[in-house]
Amino acid sequence: MEKWTSGKEPHLIERLIPGTYTLHEEVAPDGYEAAKDVKFTVRETGEIQKVIMVDVRKGNKKPSDDSSKGGKTRKSHRSSPGTGDTTDIFFWIILLVLAGILSGAVWYMKKKMKKDTDQRK
């Protein structure tokens, strides 16, 4: 019914007639196996329905079954397909803490130097 290339944003298909459909991946990203077909049913609810397809990294044969999301997912977020963002959040947290410590030390030293200068007068 529709073809697209996956990107960072979810793909939206509008106005599907209620019925059963199959989501099929023709080509997987480099380093990943093609995902298994995902069968889903569009209901006559008028609400947005989500269908999730997840690729499995080559060599990782144990995706966990999370039927509440409508497909197969893995426990580890590190083995998911790349989105282009390789930033590690812990690096930024540590950097923020170190900046706070450095700012506090500079403030303390300035305060101490001012106090010593006032005592000499």
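Residues numbered from 1 in each chain as written. Predicted model: local features only at pLDDT ≥ 70, side-chain atom pairs only at ≥ 80, totals over all residues. Heavy atoms only, no water.

Colleague: Even after reading the chapter, I still don't get the overall build of the protein chain, so can you show me in this structure?
Modeller: Along the backbone of the protein chain there are one helix and six strands. Secondary structure elements of the protein chain, listed N to C terminal, follow the sequence β-β-β-β-β-β-α. A buried classification covers 13% of the 121 residues belonging to the protein chain. Within the structure as shown, the protein chain displays about 11,100 Å² of accessible surface, and the carbon and sulfur contribution to it stands at 56%. (Helix = DSSP H or I, 4+ residues; strand = E, 2+ residues; numbered from the N terminus. Buried < 20%, exposed > 50% of the residue type's maximum accessible area, 1.4 Å probe, protein only. Areas by Shrake-Rupley, 256 points an atom, 1.4 Å probe, with all protein chains shown as cover.)

Colleague: Hey, could you run me through the confidence of the model for the protein chain in this one?
Modeller: Any segment with low pLDDT has predicted coordinates that should not be analysed in fine detail. On average, the protein chain scores 78 in pLDDT, and the residues at 70 or more come to 76%. Contacts for the low-pLDDT stretch residues 64-80, under 50 throughout, to residues beyond four places or in other chains number 31 contacts. (pLDDT = per-residue confidence, 0-100. Contact = heavy atoms within 4.5 Å.)

Colleague: When you look at the pattern of salt bridges in this model, what are you seeing that I'm missing?
Modeller: One side chain can pair with another of opposite charge once the charged atoms of both are near each other. Enumeration over the complete set of coordinates arrives at one salt bridge. With its nearest N and O atoms 3.7 Å apart, the salt bridge here joins lysine 3 to glutamate 26. Residue lysine 3 is located in the segment before strand E1 (19-23), and its partner glutamate 26 is located in the loop between E1 and strand E2 (32-33); the two are separated by 23 residues in the primary sequence. Look at lysine 3 and you get exposed, because its relative accessible area is 70%. (Salt bridge = Lys/Arg side-chain N within 4 Å of Asp/Glu carboxyl O.)

Colleague: In this structure, what is going on with unusual backbone geometry? I would like to understand it.
Modeller: Peptide bonds are trans in most cases, and residues, glycine excluded, mostly fall at negative phi. Located in the positive-phi region is arginine 15, a residue other than glycine, with phi close to 60°. For arginine 15, the position within the fold is in the segment before E1.

Colleague: Honestly, the nonpolar core in this entry has me stumped. Any pointers?
Modeller: Proteins that are soluble and globular tend to have nonpolar side chains buried together. Residues Tyr21, Leu23, Val38, Phe40 and Val42 constitute the largest nonpolar core, which totals five residues. Elements supplying a minimum of two residues to this core: E1 and strand E3 (38-42). (Core = buried A, V, L, I, M, F, W, Y, C linked by side-chain atoms within 4.5 Å.)

Colleague: I tried to follow the side chain of aspartate 55 on my own but got confused; where do I start?
Modeller: The residue aspartate 55 is located in the loop between E3 and strand E4 (56-57) in this model. Among the polar contacts listed, one links the side chain of aspartate 55 to the backbone nitrogen of alanine 35, at a separation of 3.4 Å. (Polar contact = N/O pair within 3.5 Å; in protein donor to acceptor, adjacent residues only side chain to side chain.)

Colleague: Please clarify how the side chain of glutamate 25 should be interpreted in this entry.
Modeller: Secondary-structure assignment places glutamate 25 in the loop between E1 and E2. Taking relative accessible area as the criterion, glutamate 25 reaches 14% and is therefore assigned buried. A polar atom in the side chain of glutamate 25 sits 2.7 Å from the backbone nitrogen of alanine 35. Excluding its chain neighbours within four sequence positions, the residues that come into contact with glutamate 25 are Glu33, Ala34, Ala35, Asp37, Met53 and Asp55.

Colleague: How do you make sense of the packing of aromatic side chains when you look at a structure like this?
Modeller: Where two aromatic rings form a pair, the distance of their centres and the angle of their planes describe that pair. Per the counting criterion, the structure on display carries two aromatic pairs. When the ring of phenylalanine 91 is compared with that of tryptophan 92, the centres are 5.0 Å apart and the planes differ by 80°; the resulting orientation is edge-to-face. Its relative accessible area of 48% is what places phenylalanine 91 among the partly exposed residues. (Phe/Tyr/Trp six-rings, centres within 6.5 Å; stacked < 30°, edge-to-face > 60°.)

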